[in-house]
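Structural features, examined
Listed below, chain by chain, are the residues.
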Amino acid sequence: MSADTERARRWRLVLGAEGAGEGSGLSDTQLSDEDSGVDAVLAALYDKPDEEAAGGPRSANLGASAPRVARWLGDIRRYFPSTVVQVMQRDAVDRLGLTRMLLEKELLSAVEPDVHLVGTLLSLNSVLPEETKETAREVVRKVVEELEERLAERTRAAIKGALDKASRTHRPRPGDVDWARTIHRNLKHYSPELGTIVPEQLIGYGRRQQAVQRDVILAVDQSGSMAESVVYSGLFGAVLASMRSLRTSFVAFDTEVADLTEHLADPVDVLFGTQLGGGTDINRAIAYCQGLVGRPEQTLLVLISDLYEGGDEEELLHRIGELVGAGVQVVTLLALSDSGAPSYDHETAAALAELGVPAFACTPDQFPELMAAAVRGDDLQSWVARETS
């Protein structure tokens, strides 16, 4: 196939039949059987119906038939890689209102799972038919397991290293000496006469290494705009809860507060315990979290919210000021997602900054190092500047 022919083929698939009309030089006869299949599934989703082109209302090109939707889902998996399939599924839900395909077991089984699909399923949790709920859980679990494989061990390793460093002591008890670090630190004190290293400085860990060293509270906004952040928060909450050196609490909120800490053994249970789509009362959530603080100077409170407060903002800032004054380390994540710069309340974020509470977006891949930096007591504003430079 010549370069010109290939270019014409690509433009024909991009423009569709309507865009490649008479005079364009891109006729349907140029498409192979495979290309015709690709063109058909793209047209079903992206071509405008005649009434829309004339200014009328949009209608779903996939039609109302469940078998037709099922065939389309199968076709896009045949013609496109999974990353493209996920984008087209999201577009089908958004452009054509096909949330119905997530309410039927057969259709749900055909979709390609991803974080955005999980967020949509969670928002539909209260209306999922009973026969679909188990399939929905299987879809969510598949995504969670993939995320765990990518992120869980990195998170544990980063935080364990930070806790070890924080608990390091130069006056360890004999049983707590870290001999590897001690030898490395004292190599310059090698004695030829004695034929050994003289350990002038011992490095080790205190007994508290075996106990809970930090209390972590995740306060997660479950309003509809935070769906992707809720998915990642549930995963990380379960990972943190698996570490014996941390005492982790998970608080989900909209206008109500739900303490899901008891479900942290299984992130899927955590996610299905959320109720995406409500309003937002951050002040009420922070008031609840205040009651969880027993050791202020060992407590890290991570507020995950876009800060659009529907409650008492003045009281919210007062409460956070009290927590900071008591020694609690408070961090605000405007989003915990891979979806780029989030929308958030800039005025509230600026007010929190004045209280010494950093507010910034964080990707899931950055979260392990963020938590490690917080545990070490690093300047998080400087950490953010390094990560985004």
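Rules behind the numbers
Residues numbered from 1 in each chain as written. Predicted model: local features only at pLDDT ≥ 70, side-chain atom pairs only at ≥ 80, totals over all residues. Heavy atoms only, no water. Helix = DSSP H or I, 4+ residues; strand = E, 2+ residues; numbered from the N terminus. Buried < 20%, exposed > 50% of the residue type's maximum accessible area, 1.4 Å probe, protein only. Contact = heavy atoms within 4.5 Å. Areas by Shrake-Rupley, 256 points an atom, 1.4 Å probe, with all protein chains shown as cover. Salt bridge = Lys/Arg side-chain N within 4 Å of Asp/Glu carboxyl O. Pairing = 2+ DSSP bridges. Right-handed = clockwise from strand over helix to strand, strands pointing away. Patch = residues over 30% accessible without salt bridge, like charges linked within 9 Å, V, L, I, M, F, W, Y side chains within 5 Å. Lys, Arg positive; Asp, Glu negative; His and termini not counted. Charge placed at Lys NZ, Arg CZ, Asp CG, Glu CD. Axes fitted to C-alpha atoms, helices over the stretch in contact; angles between N-to-C directions. pLDDT = per-residue confidence, 0-100. Polar contact = N/O pair within 3.5 Å; in protein donor to acceptor, adjacent residues only side chain to side chain. Parallel < 35°, antiparallel > 145°, perpendicular 65-115°, else oblique. Nonpolar A, V, L, I, M, F, W, Y, C, P; charged D, E, K, R; others polar. Arc of directions from axis to C-beta. Phe/Tyr/Trp six-rings, centres within 6.5 Å; stacked < 30°, edge-to-face > 60°.

**A few points about the overall build of the protein**
The helix and strand tally for the protein stands at 16 helices and 10 strands. Counting only residues that meet the buried cut, the protein has 45% of its 389 residues in that class. In the protein, 74% of the contacts between residues at least 6 apart in sequence involve partners at least 24 apart. Here the protein has roughly 19,300 Å² of accessible surface; of this, 49% comes from carbon and sulfur atoms.

**Thoughts on the pattern of salt bridges**
Applying the stated criterion across every chain, the model contains 12 salt bridges. With its nearest N and O atoms 3.6 Å apart, the salt bridge here joins Arg150 to Asp338. Taken as a pair, Arg150 in helix H8 (residues 130–166) and Asp338 in the loop between strand S9 (329–336) and helix H14 (346–354) lie far apart in primary sequence, 188 residues in all. Relative accessible area serves as the criterion here: at 32%, Arg150 is assigned to the partly exposed category. On the basis of relative accessibility, which here comes to 43%, the residue Asp338 falls in the partly exposed class.

**Some points on the pairing of strand S8 (residues 299–304)**
In terms of burial, S8 is largely enclosed, as 6 of its 6 residues are buried. Two elements, strand S5 (residues 214–221) and S8, share 6 bridges in a ladder whose sense is parallel. In the strand pairing of S8, Ala219 is matched with Leu303. Here S8 pairs with S9 via 5 bridges, running parallel. Paired with Leu300 across the two strands is Gln329, which belongs to S9. Following the chain from S8 across helix H13 (residues 313–326) to the adjacent parallel S9, one finds a crossover that is right-handed.

**Describing a nonpolar patch on the surface**
The grouping of Trp11, Val14 and Leu15 at the surface amounts to a nonpolar patch, some 320 Å² of accessible area in total. Looking at where Val14 falls in the secondary structure, it is placed in helix H1 (residues 3–19).

**Some details on a negative patch on the surface**
The grouping of Asp312, Glu313, Glu314 and Glu347 at the surface amounts to a negative patch. If you trace the backbone, Asp312 turns up in the loop between S8 and H13. Given a relative accessible area of 37%, Asp312 falls into the partly exposed group.

**Overview of the sheet that holds strand S10 (residues 359–362)**
Sheet architecture is open: 6 strands sit in the order S7-S6-S5-S8-S9-S10, paired in mixed fashion. The open sheet is flanked by strand S7 (257–259) and S10, the only strands paired with a single partner. Each neighbouring strand pair of the sheet contributes to a mean axis angle of 25°, computed without reference to strand direction. Bridge analysis of S5 against strand S6 (residues 246–253) gives 8 bridges, and the strand direction is parallel. Bridged to Leu218 within S6 is Phe250. Against the sheet, helix H15 (residues 367–376) makes contact with S5, S8, S9 and S10, and its axis sits at roughly 170° relative to S9, the strand it touches most.

**What to know about the confidence of the model for the protein**
For the protein, mean pLDDT is 81; residues scoring 70 or higher make up 81% of the total. Within the model, pLDDT remains below 50 along residues 50–60, and this stretch shows 10 contacts once partners closer than five positions in the same chain are excluded.

**A closer look at the side chain of Glu309**
Structurally, Glu309 can be placed in the loop between S8 and H13. Arg319 provides the closest opposite charge to the buried, unpaired Glu309, separated from it by 8.4 Å. Among the polar contacts made by the side chain of Glu309, one reaches the main-chain amide nitrogen of Ile282 at a distance of 2.7 Å.

**Observations concerning the packing of helix H7 (residues 115–123) against helix H10 (residues 227–241)**
Interhelical geometry of H7 versus H10 gives an angle of 100° and a closest axis separation of 8 Å. Between H7 and H10, the angle falls in the class roughly perpendicular. Only Ala227, Glu228, Val231 and Tyr232 of H10 make contact with H7, whose side of the interface consists of Val115, His116, Val118, Gly119 and Leu122. Counted by class, the contact of H7 with H10 contains 6 nonpolar, 2 polar and 1 charged residues.

**Concerning helix H12 (residues 282–290)**
Turning to H12, its buried residues are Ile282, Asn283, Ala285, Ile286 and Cys289. Each buried residue of H12 sits inside an arc of 160° when the element is viewed along its axis, so together they form one side. Buried residues belonging to H12 abut S5, S6, S7, S8 and H13.

**A look at the packing of aromatic side chains**
Counting across every chain of the model gives 2 aromatic pairs. Judged by centre distance (6.4 Å) and plane angle (45°), the rings of Phe360 and Trp383 are tilted. Of the two residues, Phe360 sits in strand S10 while Trp383 sits in helix H16 (residues 380–388), which places them 23 residues apart along the sequence. As far as burial versus exposure is concerned, Phe360 and Trp383 are alike and both buried.

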